[in-house]
Amino acid sequence: MTFRSIVPLLAVLAPAVALAADATPPPAESRAPAPVATAAAAEPSDPSWSATATAREEYRFRQATGPSESDHTARLALDLEALSPGESLAVRGAAGLWWRFIENYSQPNALASPRSPFWLDVYQLGLDWKGKGLLQNVKAGRLEADFGQPATFDGAALVLRPLPKLRLFAFGGRSVHFFEVDQGLFEDWMASAGVEVRSSNNWKLVVDYRLLTEDVETIRDGSASAKVGVVNNTYGLASWHRFGDWLNVRFRLRGIDEAIALAGVAFRAEWIAQQLGVDARIDVQPSTLRELNEFDDPFFLVLGQSKPHLKARVSLFKNFATSSAGTYSINLGGDARQLIGGAEESAFNRNLLRGYLLLSAQRVGGTGLFAQATGEIDRVADGKGSFALGGALGWDQKPVRAEVGTAWYRYKYVYYQSPEEISDVRELYGDVNVKVLDWLALRARYSYEVFDRKLHTVTFSITEAL
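Residues numbered from 1 in each chain as written. Predicted model: local features only at pLDDT ≥ 70, side-chain atom pairs only at ≥ 80, totals over all residues. Heavy atoms only, no water.

1. Structural notes on the overall build of the chain
- Tallying secondary structure elements over the chain gives two helices and 22 strands in all.
- In the chain, which comprises 466 residues, the share counted as buried stands at 38%.
- Relative to all contacts within the chain whose residues are 6 or more apart in sequence, the contacts with residues 24 or more apart total 49%.
- A total accessible area of about 25,700 Å² is found for the chain, and carbon and sulfur atoms account for 62% of it. (Helix = DSSP H or I, 4+ residues; strand = E, 2+ residues; numbered from the N terminus. Buried < 20%, exposed > 50% of the residue type's maximum accessible area, 1.4 Å probe, protein only. Contact = heavy atoms within 4.5 Å. Areas by Shrake-Rupley, 256 points an atom, 1.4 Å probe, with all protein chains shown as cover.)

Written as structure tokens, this is what we have:
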């Protein structure tokens, strides 16, 4: 595989900022009693199809110094959905049309994509039918995997429900890689099958198997070699457990051929009455991952091997909600990443230890004012430590949401033509969203990043929801 640029994919997958107003119901004693439905009063369901569409037109300009380079990108994003009467059948589609232009295509430019100036990415396009008996769900077209690791493919998916608490699933087809410029039409394939078991609403277990066969262009010492066939047998187990209203736990285990790729546990415990809780997770990758397709991830080939490591995260939070003065919260937590099995540090394989404190306030004084402040301390393997501050201030009240802020990153990964690991990155940004009409929104964003170069990014977009 040839991996050129994933910036377009990351940009189109970034979620838009929602501008939704609060809907507070009236006190119970002020509500009128609900009418009693009768057969004579029942209205017939709407026999016609319903359809929704969202379009976004966006322009982005980037200017880098050291060296001086610039890039202009225009994008049209479309999301469509049509539902049959009763909503048993759905037609869904999502696509992005890109136009990237620079001053001189013949000169190297770290900000520019090697794609042609125009290209079209189709992210989803297919039929989705839902049933109520044994045959619960059938899909066909360009789909996303509903079970196991995320993936996009051209094919079909089937879900059967032979018992109320048992589901069987299978899907497969041609694998789709948006990060690959010259993927052959019949180059990569996948097939998956598995079972989901539920016990009431408090326990769920999913076991899946996935076969991946792909032609992979190996990269050694920065140079590419011919494509070779790679076959992965991947498998996984994941379970979710709920204990009352206060504890949720998830376990997961994944393997690739004879290697264990991931083992992890995560939980969230919350005392709702006191608005107090803790989130924690720990993941272990005991094996070295190289040219593997399990995560549909281009970085294994361009970054090299991912060494065995352990990752952990914990977050303690406390909220203070008031009736009129706003909502305030405190979040104290930390992250750690540690190589194991005698592995030594290298680029993209770092030992990290970070602690942070986050203070936030929403609807201060009953207005649209919000603010947050962060402080974090980092320590890396060479014994050096650092302390950094960040924060944001903004206004969120229809029809305007505006925010200015700053953030700092010990390590940040920047994917231009080739991935880079950069350190000590300071970002300043400003973002304004205006909901002009119920169906029309405007957005402008500016960011300034300082690392081994200085990068300015300006983005304008118009969103229509019909």
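Next comes the rest of the write-up.
2. Re the environment of Arg62
- Tracing the chain through its elements places Arg62 in strand S1 (residues 50-65).
- Looking at Arg62, the relative accessible area reads 6%, which means it is buried.
- Between the C-alpha atom of Arg62 and that of Ser447, which follows or precedes it by 385 residues, the distance is 9.6 Å.

3. Things to note about the packing of aromatic side chains
- This model, assessed by the stated rule, comprises five aromatic pairs.
- Plain terms: the ring middles of Trp99 and Phe118 are 5.4 Å apart, the flat faces sit at 10 degrees to each other, and that makes the pair stacked. Remark: Phe118 occurs in strand S4 (residues 118-130) and Trp99 occurs in strand S3 (residues 89-101); sequence separation between them is 19 residues.
- Accessibility expressed as a relative area gives 39% for Trp99, which makes it partly exposed.
- Look at Phe118 and you get exposed, because its relative accessible area is 52%.
- Judged by centre distance (6.5 Å) and plane angle (15 degrees), the rings of Phe169 and Phe171 are stacked. Phe171 matches Phe169 in its accessibility class, with the two residues each being buried. (Phe/Tyr/Trp six-rings, centres within 6.5 Å; stacked < 30°, edge-to-face > 60°.)

4. Observations concerning the nonpolar core
- Judged by nonpolar contacts, Leu143, Ala145, Phe147, Ala151, Phe153, Ala157, Val159, Phe169, Phe171, Met190, Val206 and Leu212 together constitute the single largest core of twelve residues.
- If you list the elements that add at least two residues to this core, you get strand S6 (152-163), strand S7 (166-175) and strand S9 (203-220).
- For this core, the leading source of residues is S6, giving three residues.
- Among residues more than four places away in sequence, those in contact with Phe153 are Gly141, Arg142, Leu143, Glu144, Ala145, Phe171, Gly172, Gly173, Arg174, Ser175, Val176 and Met190.
- Membership of the second largest hydrophobic core comes to six residues, among which are Trp119, Tyr123, Val176 and Phe178. (Core = buried A, V, L, I, M, F, W, Y, C linked by side-chain atoms within 4.5 Å.)

5. With respect to the pattern of salt bridges
- Under the defined criterion, the tally for this structure stands at 26 salt bridges.
- Arg167 is paired through a salt bridge with Glu196; the nearest N and O atoms lie 2.9 Å apart. Of the two residues, Arg167 sits in strand S7 while Glu196 sits in strand S8 (residues 189-199), which places them 29 residues apart along the sequence.
- Arg198 serves as the salt-bridge partner of Glu196, at 3.5 Å between the closest nitrogen and oxygen.
- Accessibility expressed as a relative area gives 34% for Arg198, which makes it partly exposed.
- Among the charged side chains, a salt-bridge network with shared partners connects Glu81, Arg92, Asp128 and Lys130. (Salt bridge = Lys/Arg side-chain N within 4 Å of Asp/Glu carboxyl O.)

6. Description of the environment of Gly148
- Note that Gly148 resides in the loop between strand S5 (135-144) and S6.
- Taking the relative accessible area as the measure of exposure, Gly148 reaches 40% and is therefore partly exposed.
- Sequence-wise, Gly148 and Val207 are 59 residues apart; in three dimensions their C-alpha atoms are separated by 8.3 Å.
- Among all residues touching Gly148, those that are not within four sequence positions of it are Asp208, Arg210 and Arg254.

7. Some remarks on the environment of Phe101
- In this fold, Phe101 is placed in strand S3.
- Once the C-alpha coordinates of Phe101 and His72 are considered, the two residues, 29 residues apart in sequence, prove to be 5.5 Å apart.

8. Focus: unusual backbone geometry
- For the bond running from Lys398 to Pro399, omega is 10 degrees, close enough to zero to count as cis.
- Its identity as a non-glycine residue notwithstanding, Glu87 has a phi of 60 degrees, on the positive side.
- You can see Glu87 is positioned in the loop between strand S2 (69-83) and S3.
- The backbone of Asp257 shows a phi angle near 55 degrees, a positive value even though the residue is not glycine.
- Along the chain, Asp257 falls in the loop between strand S11 (247-256) and strand S12 (259-271).

9. Some points on a nonpolar patch on the surface
- Together, Val207, Tyr209, Leu211, Val231, Tyr235, Leu237, Leu253 and Ile260 make up an exposed nonpolar region whose accessible area comes to about 600 Å².
- Breaking the nonpolar patch down by element, the ones donating at least two residues are S9 and strand S10 (223-243).
- Looking at where Val207 falls in the secondary structure, it is placed in strand S9.
- Judged by relative accessible area, which is 34%, Val207 ranks as partly exposed. (Patch = residues over 30% accessible without salt bridge, like charges linked within 9 Å, V, L, I, M, F, W, Y side chains within 5 Å.)

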